[in-house]
Amino acid sequence: MRALGRPSTTVPLILSLILVPLTVVLAFWWTGDDVDQGFSQKIFYLHVPVALASYAAFGYGAVCAALYLWRRDPEWDLRSYVGVHSGTIFGTLVLLTGPIWAKASWGVWWNWGDRQINVFLILFLYYCAYFMLRFSLDEGERRRSASAVYALLGVGLIPLSFLAVRIAETLIHPTVFTSSGAAMPDSFLVTFLVGLAGMLSLMALLMSVELRGKRAAARLVEYQRAARGEDA
Amino acid sequence: MIGPALALARVKLVLELRRREVVFAMLLFVAATIVIVHFALRADAGAGERAAAGMLWAAIVFTAVLGLLRSFAAEAEAGALDALLLAPVDRASIWLGTALAQFGFLVAVEVVAVPVWWLLFFQEGGPDPVPLIAALVLADVGIALVGTLAAALALGARTRDVLLPVLVLPLVIPIVLAGVTATYAAFGEEGGGFGPIGPLGFLALYDLVFLALAWGTSEHLLGD
């Protein structure tokens, strides 16, 4: 179980401490106001990196789930859980910041015709149910397998939801990254990339801290069993 | 692999024919759901074809979940599941056999419910039956595959009855979207947004994707 090594918390901690405040500074004092959306566009530097970090965490959770089913090492199950958990926490942030931006920029809190937010909502509902499944099964092999299978199924759900949620007649979700590159000034792009790196470091930090906690808890259970003279 | 699955599906269908505890409940449930959604939308006040399509698909999905709650009930009650797991058959066959039985139940319910829905909402005209039936069959396959998978995952969970709908419903949202779009198309409505494959092609794709995913993970289902 310890074979995979301890995830570092120092590096992501330092990176988040630098990059997250730097994003705020850059967003408010360096980049100009967006021509079209004005000041409200500033939330872009928070909302989009959080959303991408959330997708990254769900992806990480699914990859670890596949590795668990393959290798049967409980460590991968813990990592998969931590990935889905962090993804859901960040997903909550996405669903909170999204409507704020939508209200400021589109005039509505929620737009059912938009593809990205609705896919995200489906995915969020889906991964919320992961916790219900996980914690209503007893600790052990069965819970780990069921959680891993469920986390993996999300991989099928994401592309299918993207296909299924209809492109509305009005394509109002800002599409800044097109095949011809990023449609924004360099200062916006740099700030966005700093924000993305900051959010990913913060995500990595949260995940490694949680993983350490989970490992310690698992070890504690082992020791308690040993102390009672039971076989682990 | 296919043989044991068919045998298991047959057992479930025979059991259902004798006990009549699932399909009959599903029929009553689908009727009640259609009536409730109808009044919730005040569809009498001219909500039109789109409301009728939505009613049908919402009712089908919720009814399917009701049926899924009983999908492994017979096995779980008499401890037959342990024997089944000890039998020299693939886990995939157990899952596939149960999915086949679920598919059968859904079709049986729809054979009654869809004509009634049609009579209630379309005295004249109505959708083109061929694409509607195709969409229903493809959707039933998807719901049965995914739903049985979720039921197998939830097996042995403490909160199984409340857990299963929570697991299944987000997974079948794409089915509802495609099914409703296909029904609109059956009314002669343009558009859709499913690109060149259309909603029916999408439903087939959904079935294939989850068939592959479920097959690949089936040995980890149903516990040890």
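Along each chain, residues carry numbers from 1 onward, in the same order as the chain's sequence is written. Going through the entries in the order they are written, you letter the chains from A and number the ligands from 1. A pLDDT threshold of at least 70 governs which residues receive local features in this predicted model, and a stricter bar of 80 or more applies before side-chain atom pairs are shown or counted, although totals over entire chains, interfaces and linings include all residues. Hydrogens and water are ignored here; the side-chain numbers use all heavy atoms of the structure.

## Here we look at the side chain of A:Thr9
Residues and elements named next belong to chain A.
Right, on to step 1. With respect to the helices and strands, the residue Thr 9 is situated in the segment before helix 1 (10-30).
Right, on to step 2. A 1.4 Å probe rolled over the protein chains alone gives each residue an accessible area, and that area as a share of the maximum for its type sets the label: buried under 20%, exposed over 50%, partly exposed in between. Overall, the relative accessible area of 15% leaves Thr 9 in the buried class.
Right, on to step 3. Should any heavy atoms of two residues lie within 4.5 Å, those residues are counted as being in contact. Excluding anything up to four places from it in sequence, Thr 9 contacts Leu 205, Ser 208, Val 209 and Arg 212. Runs of H or I in DSSP of at least four residues are treated as helices and runs of E of at least two as strands, each being numbered from the N terminus.

## Looking at unusual backbone geometry
Right, on to step 1. Even without being glycine, A:Arg72 reaches a positive phi, approximately 65°.
Right, on to step 2. Position of A:Arg72 among the secondary structure elements: in the loop between helix 2 (44-71) and helix 3 (74-105).
Right, on to step 3. In this structure, B:Arg20 is a non-glycine residue whose phi angle is positive, near 50°.
Right, on to step 4. On the basis of relative accessibility, which here comes to 60%, the residue B:Arg20 falls in the exposed class.

## Quick word on the interface of chain B and chain A
Right, on to step 1. Counting from both sides, the interface comprises 34 residues of chain B and, opposite them, 28 residues of chain A.
Right, on to step 2. Summing both partners gives a buried area of about 2800 Å² for chain B against chain A, and 72% of it is carried by carbon and sulfur.
Right, on to step 3. Between Lys or Arg on one side and Asp or Glu on the other, a salt bridge is scored when a side-chain nitrogen of the former is within 4 Å of a carboxyl oxygen of the latter. Here B:Arg158 and A:Asp138 are joined by a salt bridge, their closest N and O atoms 2.5 Å apart.
Right, on to step 4. By the criterion applied in these results, polar contacts are pairs of N or O atoms within 3.5 Å in which, for protein atoms, one can donate a hydrogen and the other can accept it, and in which residues neighboring in sequence qualify only through two side-chain atoms. Our enumeration of links across chain B and chain A arrives at seven residue pairs in polar contact (both at pLDDT 80 or more).
Right, on to step 5. Put simply, the parts of the chain that give the side of chain B that touches chain A at least two residues each are helix 7 (129-154), helix 8 (160-186) and helix 9 (198-217) of chain B.
Right, on to step 6. The greatest single-element share of the side of chain B that touches chain A, amounting to ten residues, is contributed by helix 8 of chain B.
Right, on to step 7. Under this grouping Gly is polar, as are all residues other than the nonpolar Ala, Val, Leu, Ile, Met, Phe, Trp, Tyr, Cys and Pro and the charged Asp, Glu, Lys and Arg. Here the side of chain B that touches chain A is built from residues that sort into 24 nonpolar, eight polar and two charged. A quick way to say it: buried area is the sum, across both parts, of accessible area lost when two parts are put together, with a 1.4 Å probe.

## Observations regarding a nonpolar patch on the surface
Residues and elements named next belong to chain A.
Right, on to step 1. A surface patch of nonpolar side chains, amounting to about 820 Å² of accessible area, comprises Ile 14, Ile 18, Leu 22, Val 24, Val 25, Phe 28, Trp 29 and Phe 39.
Right, on to step 2. Relative to the assigned elements, Leu 22 resides in helix 1.
Right, on to step 3. With relative accessibility at 33%, the residue Leu 22 sits in the partly exposed group. In this scheme, patches are assembled from residues that exceed 30% relative accessible area and form no salt bridge. Like charges are connected within 9 Å, while nonpolar side chains (Val, Leu, Ile, Met, Phe, Trp, Tyr) are connected within 5 Å. Note on areas: Shrake-Rupley with a 1.4 Å probe; residue coverage comes only from the protein chains shown.

## Notes on empty space enclosed by the protein
Residues and elements named next belong to chain B.
Right, on to step 1. Whether a set of points on the 1 Å grid over the protein atoms alone is a cavity depends on a 1.4 Å probe fitting there but being unable to get out, while an open set qualifies as a pocket with protein on both sides within 12 Å along at least five of seven lines; lining residues are those with an atom within 4 Å of a point. Grid points are joined across faces, edges and corners, and a volume is the space filled by probe spheres set on the points. Per the counting criterion, the structure on display carries two cavities of 30 Å³ or more.
Right, on to step 2. There is about 170 Å³ of room inside the largest cavity.
Right, on to step 3. Lining of the largest cavity is provided by 15 residues; of these, Lys 12, Glu 16, Val 22, Arg 70 and Ala 74 occupy positions nearest its centre.
Right, on to step 4. Counting only elements with at least two residues in the lining of the largest cavity, the list comes to helix 1 (2-19), helix 4 (73-77) and helix 6 (91-121).
Right, on to step 5. When the residues that make up the lining of the largest cavity are grouped by side-chain class, the tally is six nonpolar, three polar and six charged.

## Observations regarding the packing of helix 5 (residues 141-164) of chain A against helix 7 of chain B
Right, on to step 1. Note on method: axes are straight lines fitted to C-alpha atoms, helices fitted across the in-contact stretch only, with angles between N-to-C directions ranging 0 to 180 degrees. Remark: helix 5 of chain A packs on helix 7 of chain B, axes separated minimally by 9 Å, with the N-to-C direction vectors making an angle of 155°. By the angle between their directions, the pair helix 5 of chain A and helix 7 of chain B is classed as roughly antiparallel. The interaxial crossing formed by helix 5 of chain A with helix 7 of chain B has left-handed handedness. Counted together, A:Arg142, A:Ala146, A:Val149, A:Tyr150 and A:Leu153 of helix 5 of chain A and B:Leu149, B:Ala152, B:Leu153 and B:Ala154 of helix 7 of chain B form the full contact between these two elements.
Right, on to step 2. Each residue belonging to the contact of helix 5 of chain A with helix 7 of chain B can be placed in one class, and the counts come to eight nonpolar, no polar and one charged. Each angle gets one of four labels, with under 35 degrees taken as roughly parallel, over 145 as roughly antiparallel, 65 to 115 as roughly perpendicular, and the rest as oblique. Should the near helix be turned anticlockwise from the far one by less than a right angle, the crossing is termed left-handed; should it be turned clockwise, right-handed.

## Overview of helix 7 of chain B
Right, on to step 1. To estimate the expected span of a helix, subtract one from its residue number and multiply by 1.5 Å. In this model, helix 7 of chain B (26 residues) spans 36 Å end to end at C-alpha, consistent with the 38 Å of a helix rising 1.5 Å per residue.
Right, on to step 2. With its phi angle positive at about 85°, B:Gly156 sits one or two positions after the end of helix 7 of chain B.

## Comments concerning the confidence of the model for chain A
Residues and elements named next belong to chain A.
Right, on to step 1. Looking at chain A, pLDDT values average 82 and 88% of them are 70 or higher.
Right, on to step 2. A score between 0 and 100, pLDDT records how confident the predictor is in each residue. Model confidence for chain A, summarised as mean pLDDT per element, is weakest for strand 1 (residues 177-178) at 61 and strongest for helix 2 at 90.
Right, on to step 3. Predicted confidence is poor over residues 167-171, with pLDDT under 50, and the contacts of this stretch with residues over four places away or in other chains come to two contacts.

## Quick notes on the nonpolar core
Right, on to step 1. The term nonpolar core refers to a set of buried residues drawn from Ala, Val, Leu, Ile, Met, Phe, Trp, Tyr and Cys, joined through side-chain atoms within 4.5 Å. Counting residues in hydrophobic clusters, the biggest one holds 110 residues, and the most contacted among them are A:Leu133, A:Tyr150, B:Trp117, B:Ile143, B:Leu167, B:Leu171 and B:Tyr206.
Right, on to step 2. For this core, the element with the highest residue contribution is helix 7 of chain B, accounting for 13 residues.
Right, on to step 3. Not counting the four nearest positions on each side in its chain, A:Tyr150 is found in contact with A:Tyr126, A:Ala129, A:Tyr130, A:Leu133, B:Leu153 and B:Leu167.
Right, on to step 4. Counting nine residues, the second-largest nonpolar core is a separate cluster that includes A:Ile43, A:Phe44, A:Trp101 and A:Phe192.

## Some words on the pattern of salt bridges
Right, on to step 1. Scanning the model with the defined rule gives eight salt bridges over all chains in all.
Right, on to step 2. Note that A:Arg79 is salt-bridged to A:Glu75, the shortest N-O span being 2.8 Å. One end of the pair is A:Arg79 and the other is A:Glu75, both in helix 3 and four residues apart, which spans about a single turn.
Right, on to step 3. A relative accessible area of 12% means that A:Arg79 is categorised as buried.
Right, on to step 4. In this structure, B:Arg70 and B:Glu21 form a salt bridge, with 3.3 Å as the shortest nitrogen-oxygen distance. In this pair, B:Arg70 is assigned in the loop between helix 3 (48-68) and helix 4 and B:Glu21 in the loop between helix 1 and helix 2 (23-40), connecting sequence segments 49 residues apart.
Right, on to step 5. Put simply, A:Arg72, A:Glu141 and A:Arg144 are held in one network by salt bridges that share partners.

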